[in-house]
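Coordinate inspection notes
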Amino acid sequence: MLRLLTAGESHGKGLVAILEGMPAGLKIDIAQVNRQLKRRQAGFGRGKRMRIENDSADMISGLKGKVTLGSPLAILIKNKDFSIEKLKKVLSPRPGHADLAGLLKYGFSDIREVLERASARSTAATVAAGAICRIFLREFRVGILSSVVSVGGEKTESGIKRKISEAMRNKDTLGGIFEVRIKGVPVGLGSYAQADRRLDARFAQALMAIPGIKAVEVGLGFGYADKPGSQCHDAIYYSGAKGYFRNTNNAGGIEGGISNGEDIVLRACMKPISTLMAPLDSVNILNTKPAKAATERSDTCVVEAAGVVAEAASAYVLADAFLEKFGSDSLSDIRTNFKNYLKRI
Ligand code: EPS
């Protein structure tokens, strides 16, 4: 139903997102898109680039006035730092980054040519497109939020800040775990009928595609491994007022690849940023002699920002599944289909 392509280098002229498949008739408040872009730039542990950029979205197609036409939406986010032609060569790959594998794969002689697109700067485009999906989902009272679960093993806000400050002083970096929670999801999105229709598989793909993510869980996730079925499946109840309901949500809102009406709960683990100011061992690609890995301006910790990106990626997945179920051309047709469906169930 929905398709999303992004383009842009970290220090190129800007980033572009093309989102195709949004229905006609949706009012877009650009301030809401810009608010999401601001949230992505925030968080304790961000680097100096975030003080340079003031990401804002320019909608260059797909709207008349503020309302969608059903045609592709193209969004432009200009870079203030567009120094790509002047930046120095990068010659020793950073362990953990795409540097070495990308260099060998594409046959480059400068790692710069890999990292410009591999950079997580591209996630600004994801967030802008996701913000449009959120505006659509909001029409149906679906809300998405993320929170940081832990950073470097710390769980409290003060502990996390202390740990990040310590990492900064030690020229080190930190990863962590964040959670995405989606409220107001109707039962019946996604399907068990085919692998690529399964909603949990689609979320896992979308979250795993965010730079730095190494693991994704749905609901209890790895916690299922330690429990018998009698203690982890969510018993089913019915009341006239609520309809079918559960008292627990270990399934994280998805059973058999289909949303079951409970909150969707996703968790992901992000590895520490791979640009270390006290660099690890590496190899100079010109002479293959030992060298320290390249250093350049970067962040210390971006777990909070990754949560914002994951909200956007999840909004895209959910909007896609929603349009699949309720139609995709006109917002008012979708509203009618949604209302009739709720009446039936
Ligand atoms: C980022 C912009 C980048 C980095 C970071 C994310 O800007 P610069 O490289 O100019 O400092 O701050 O990207 C990475 C560290 C990475 O390895 O991908 C952004 O806009 O989020």
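Scope of this entry: the structure provided in the associated data block. (Residues numbered from 1 in each chain as written. Predicted model: local features only at pLDDT ≥ 70, side-chain atom pairs only at ≥ 80, totals over all residues. Heavy atoms only, no water.)

Time to look at the overall build of the protein. Counting its regular elements, the protein contains ten helices and 16 strands. Here the protein has a C-alpha radius of gyration of 22 Å; the compact-globule value for 345 residues is 20 Å, and the two agree. Split into buried and exposed, the 345 residues of the protein put 47% on the buried side. Taking contacts inside the protein between residues at least 6 apart in sequence as the whole, the part at least 24 apart equals 70%. Of the roughly 17,400 Å² of accessible surface on the protein, a fraction of 54% belongs to carbon and sulfur atoms. For the protein, the centre of its 51 positive side-chain charges and the centre of its 35 negative side-chain charges are spaced 3 Å apart. (Helix = DSSP H or I, 4+ residues; strand = E, 2+ residues; numbered from the N terminus. Rg over C-alpha atoms; globule rule 2.2 N^0.38 Å. Buried < 20%, exposed > 50% of the residue type's maximum accessible area, 1.4 Å probe, protein only. Contact = heavy atoms within 4.5 Å. Areas by Shrake-Rupley, 256 points an atom, 1.4 Å probe, with all protein chains shown as cover. Lys, Arg positive; Asp, Glu negative; His and termini not counted. Charge placed at Lys NZ, Arg CZ, Asp CG, Glu CD.)

With that out of the way, let us pick up the pattern of salt bridges. All told, the structure shown has 23 salt bridges when counted by the stated rule. The residue arginine 112 makes a salt bridge to glutamate 296 at a minimum N-O spacing of 3.1 Å. Taken together, the residues arginine 112 in helix H4 (residues 112-118) and glutamate 296 in the loop between strand E16 (290-292) and helix H9 (303-326) connect sequence positions 184 residues apart. Its relative accessible area of 6% is what places arginine 112 among the buried residues. Notably, a salt bridge pairs lysine 292 with aspartate 281, separated by 2.6 Å at the nearest N-O pair. (Salt bridge = Lys/Arg side-chain N within 4 Å of Asp/Glu carboxyl O.)

So, on to the nonpolar core. If you look at the biggest cluster of nonpolar residues, it comprises 71 residues, and the most contacted ones within it are Met22, Phe136 and Leu318. Per element, the largest residue contribution to this core is 15 residues, and it comes from H9. Setting aside anything within four residues of it in sequence, one finds leucine 318 in contact with Leu137, Val142, Ile182, Val185, Leu189, Leu199, Phe203 and Ile264. Grouped together as the second largest cluster of nonpolar side chains are six residues, Val90, Leu103, Ile111 and Leu115 included. (Core = buried A, V, L, I, M, F, W, Y, C linked by side-chain atoms within 4.5 Å.)

Remark on secondary structure: sheet strands pair via backbone hydrogen bonds, oriented parallel or antiparallel. As summarised here, the arrangement of the four strands in space is E1-E2-E6-E3, forming an open sheet in which the pairing is antiparallel. Each edge of the open sheet carries a strand with a single partner, namely strand E1 (3-7) and strand E3 (58-61). Mean inter-strand twist for the sheet, computed between neighbouring axes without regard to direction, equals 20 degrees. In this structure, strand E2 (residues 14-20) lies alongside strand E6 (residues 73-78), joined through six bridges in antiparallel fashion. Within E6, the residue paired with alanine 17 across the bridge is isoleucine 75. (Pairing = 2+ DSSP bridges. Axes fitted to C-alpha atoms, helices over the stretch in contact; angles between N-to-C directions.)

Glancing now at the pairing of strand E11 (residues 243-246). Here four bridges tie strand E10 (residues 236-239) to E11, and the two strands are oriented antiparallel to one another. Paired with isoleucine 236 across the strands is arginine 246, a residue of E11. Between E10 and E11, which follow one another and run antiparallel, lie three residues.

What the four strands build is an open sheet, ordered E7-E8-E14-E9; its pairing is antiparallel. Two strands lie at the open edges of the sheet, namely strand E7 (143-151) and strand E9 (213-218), each paired on one side alone. With direction set aside, neighbouring strand axes in the sheet form an average angle of 20 degrees.

Here we come to the site of the ligand. Around the ligand sit 13 residues, and of these His11, Arg40, Arg49, Ala120 and Arg297 come closest. In the model, an oxygen atom of the ligand is placed 2.7 Å from a nitrogen or oxygen of the alanine 120 main chain. Class assignment of the residues belonging to the shell around the ligand gives a composition of two nonpolar, four polar and seven charged. (Near = heavy atom within 4 Å. Polar contact = N/O pair within 3.5 Å; in protein donor to acceptor, adjacent residues only side chain to side chain. Nonpolar A, V, L, I, M, F, W, Y, C, P; charged D, E, K, R; others polar.)

Quick look at helix H3 (residues 99-106) now. For H3, the complete set of buried residues consists of Asp99, Gly102 and Leu103. Looking down the long axis of H3, one finds its buried residues gathered within 100 degrees of arc, a one-sided arrangement. Exposed side chains of H3 directed beyond 90 degrees from the buried face belong to Ala101, Leu104 and Lys105. Where the residues of H3 are buried, they touch H4. A positive backbone phi angle near 70 degrees is found at glycine 107, which sits one or two residues after H3. (Arc of directions from axis to C-beta.)

Along the chain, alanine 101 falls in helix H3. Between the C-alpha atom of alanine 101 and that of isoleucine 111, which follows or precedes it by ten residues, the distance is 10.0 Å.

Another point: unusual backbone geometry. Even without glycine at this site, lysine 171 takes up a positive phi of about 55 degrees. Note on placement: lysine 171 falls in the loop between helix H6 (157-169) and strand E8 (176-183). In the Ramachandran plot, threonine 288 falls in the positive-phi region, its phi being about 55 degrees despite a non-glycine side chain. Classification of threonine 288 as exposed rests on a relative accessible area of 62%.

Taking 1.5 Å per residue, 24 residues should reach 34 Å; H9 reaches 34 Å between its end C-alpha atoms and fits that length. For H9, a buried count of 20 out of 24 residues is recorded, marking the element as mostly surrounded by other parts of the structure. At the exit of H9 stands glycine 327, carrying a positive phi of roughly 95 degrees. (Expected span 1.5 Å × (residues − 1).)

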